[in-house]
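Structural overview for review
One letter stands for each residue in the lines below.
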Amino acid sequence: MKTKMISIGVILAAIFCALFSGSTLFAGETAGMHRVFILHSYDRENVCGRPQHDGVVAALKEQGFTEGKNLVLKTYYMNTKSRNNTEKLISRQARIALSKIRDFRPHVLVTLDDNAFRTVALELVDTPRNIVFSGMNGQPEDYNLKKRFMESRERPGHNITGVYENLHFTTAVRVQKKILPGLRKVRMLVDLSPTGRAIDRQIQIELGKEKIPVGFDKKIVRSWKEYMREIETINNDPQIGAVYLAALLLKDAGGKAVTVPEIFRWTVQNCRKPAIAPNYAFVEMGLFGGAVIDYKAMGMQAGSMAAEILRGRKPGDLAIEDAGRYALVFNLARARQLGIAIPDDMLLAADEVITKIPE
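The notes below deal with the structure included here.

Analysis parameters
- Residues numbered from 1 in each chain as written.
- Predicted model: local features only at pLDDT ≥ 70, side-chain atom pairs only at ≥ 80, totals over all residues.
- Heavy atoms only, no water.
- Buried < 20%, exposed > 50% of the residue type's maximum accessible area, 1.4 Å probe, protein only.
- Helix = DSSP H or I, 4+ residues; strand = E, 2+ residues; numbered from the N terminus.
- Pairing = 2+ DSSP bridges.
- Contact = heavy atoms within 4.5 Å.
- Axes fitted to C-alpha atoms, helices over the stretch in contact; angles between N-to-C directions.
- Lys, Arg positive; Asp, Glu negative; His and termini not counted.
- Salt bridge = Lys/Arg side-chain N within 4 Å of Asp/Glu carboxyl O.
- Core = buried A, V, L, I, M, F, W, Y, C linked by side-chain atoms within 4.5 Å.
- 1 Å grid on protein atoms, 1.4 Å probe; cavity = no way out; pocket = protein on both sides within 12 Å on 5 of 7 lines; lining within 4 Å.
- Points joined across faces, edges and corners; volume = space filled by probe spheres on them.
- Nonpolar A, V, L, I, M, F, W, Y, C, P; charged D, E, K, R; others polar.

This part covers helix α6 (residues 169–179). The buried fraction of α6 amounts to eight of the eleven residues, a majority that puts the element mostly inside the structure. Of the positions making up α6, those classed as buried are F169, T170, T171, A172, V173, V175, Q176 and I179.

This is how it looks when you write it as structure tokens:
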């Protein structure tokens, strides 16, 4: 009996030591480390989220916060475009994300794009979590009506700040007009997703502040079949000289999601008019280009805010910013395909010229 009691005691002591040393190891690994959680609305390779993520990480590194040295970085992808694209599935992803955030206890939570903000960040208003958003298409004032997270853009006053996704639409149209002096009308194709509706409102706000030198209208497309039909209409309408593509999530006849890579691949093959690309990545995918959102630069803005918070600033003291930088990017292969000659001065001013269309 005595031998058995001794053995049990040894076993219990060993278990205790193992548990204790494990927790000590974790504490040692994270002591003095800053924890940042990046929550993506979309998947790992999304053309909007990926460059923002890279920008956040690059800005943190520039500001002295490097993963593996003094920074622990955790990422979660809600994948709410190609897979979890119903409100029920998005809500489920939000619950999973909130659980992971609670367990990780980040010093700063960075949300990328609207679904992560509206379903997760708004649930954490006035909690101990410091939050920075990036890529917000919806108006901050509209979100504020759902749950008060800011007193003003200049001084939010709560635990959330971030970067609003300024589309630079009027600049993009003026650039297109300079390339195509005969341009008379631009048509926007937009879907009914939350992102599509937000982009539509953003453009209306921009047009209310600044006029463009051409006509403009929009068509709402509710399905993949309707999108293909609208492209054919644009091809056959001599008044329409360019298209602005904001239809980024459609459903085919079977209810399957048709997302950006497939939409743009088909568009490049079938559309005979240049597409003004909303962002840099879309030009890499074969769209004509022009003045586009620089997603990485926007992510760097958000990352710089996160760095300030890690140094002790309060989110409520940091003004909500518009994405400040646009890039001039052209796809020369697409221009040649369309028979468009981009002026030399425009090419010399370009941030990047892409010379191929993906297969």
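Still to come is the rest of the account.
What follows is about the sheet that holds strand β1 (residues 34–40). Overall, parallel pairing links the six strands, which are arranged β2-β1-β3-β4-β5-β13 in an open sheet. The open sheet is flanked by β2 (71–77) and β13 (321–322), the only strands paired with a single partner. In the sheet, strand β3 (residues 108–112) pairs with strand β4 (residues 131–136) via four bridges, with the strands oriented parallel. Looking at β4, one finds that L109 is bridged to I131. Where helix α2 (residues 49–62) meets the sheet, its contacts fall on β1, β2, β3 and β4, and the angle it forms with β1 comes to roughly 165 degrees. Together, β1, β3, β4, β5 (160–164) and β13 form the strand contacts of helix α11 (residues 295–310), whose direction differs from that of β4 by roughly 175 degrees.

Further remarks concern the pairing of strand β14 (residues 326–331). Counting buried positions along β14 yields five of six residues, so the element is predominantly enclosed. Across five bridges, strand β12 (residues 289–293) lies against β14 in antiparallel orientation. Counted as the bridge partner of V292 is A327 from β14.

Further remarks concern the sheet that holds strand β15 (residues 352–354). Across a sheet, strands are paired by hydrogen bonds formed along the backbone, either parallel or antiparallel in direction. Reading across the sheet, the three strands line up as β12-β14-β15 and stay open at both edges, with mixed pairing between neighbours. The sheet terminates laterally at β12 and β15, the two strands that pair on one side only. Strand-to-strand twist across the sheet, computed as the mean angle between neighbouring axes with direction ignored, equals 30 degrees. Inspection of the sheet shows β14 paired to β15 by three bridges, in the parallel sense.

Moving on: the side chain of E206. With respect to the element layout, E206 can be found in helix α7 (residues 194–209). One buried charge, E206, has no salt-bridge partner; the nearest side chain with opposite charge is R174, at 7.5 Å. Leaving out residues up to four positions away in the same chain, E206 has contacts with N166, L167, H168, F169 and T170.

A word on the nonpolar core. Among the nonpolar cores identified, the biggest contains 84 residues, and Y227 and F282 are the most heavily contacted of them. With eight residues, α11 is the largest single contributor of residues to this core. With near-sequence residues (within four places) excluded, F282 lies in contact with V47, C48, L248, V260, F264, A277 and L287. Formed by 24 residues, the second largest nonpolar core is a distinct cluster that contains F117, L122, V125 and I320.

As a further point, take the pattern of salt bridges. A full pass over the atoms with the stated rule returns 16 salt bridges. Residues D142 and R201 are paired through a salt bridge, measuring 2.0 Å at the closest nitrogen-oxygen approach. You can see D142 sitting in helix α5 (residues 140–146) and its partner R201 sitting in helix α7, a full 59 residues away along the chain. Under the relative-accessibility criterion, R201 is labelled partly exposed at 40%. In this structure, the salt-bridge partner of D217 is K185, at a minimum N-O distance of 2.9 Å.

The next subject is the layout of surface pockets. Of the pockets and cavities examined, the largest pocket occupies roughly 310 Å³. N85, L192, S193, P194 and L249 are, among the 19 residues lining the largest pocket, the residues nearest its centre. Residue assignment for the lining of the largest pocket shows that the elements contributing at least two residues are α3 (87–104), α4 (114–119), α7 and β9 (249–251). For the lining of the largest pocket, the element with the highest residue contribution is β9, accounting for three residues. Here the second largest pocket is characterised by a volume of approximately 250 Å³. Among the secondary structure elements, those contributing two or more residues to the lining of the second largest pocket are α4, α5 and α7. Its residues placed into classes, the lining of the second largest pocket shows three nonpolar, three polar and six charged.

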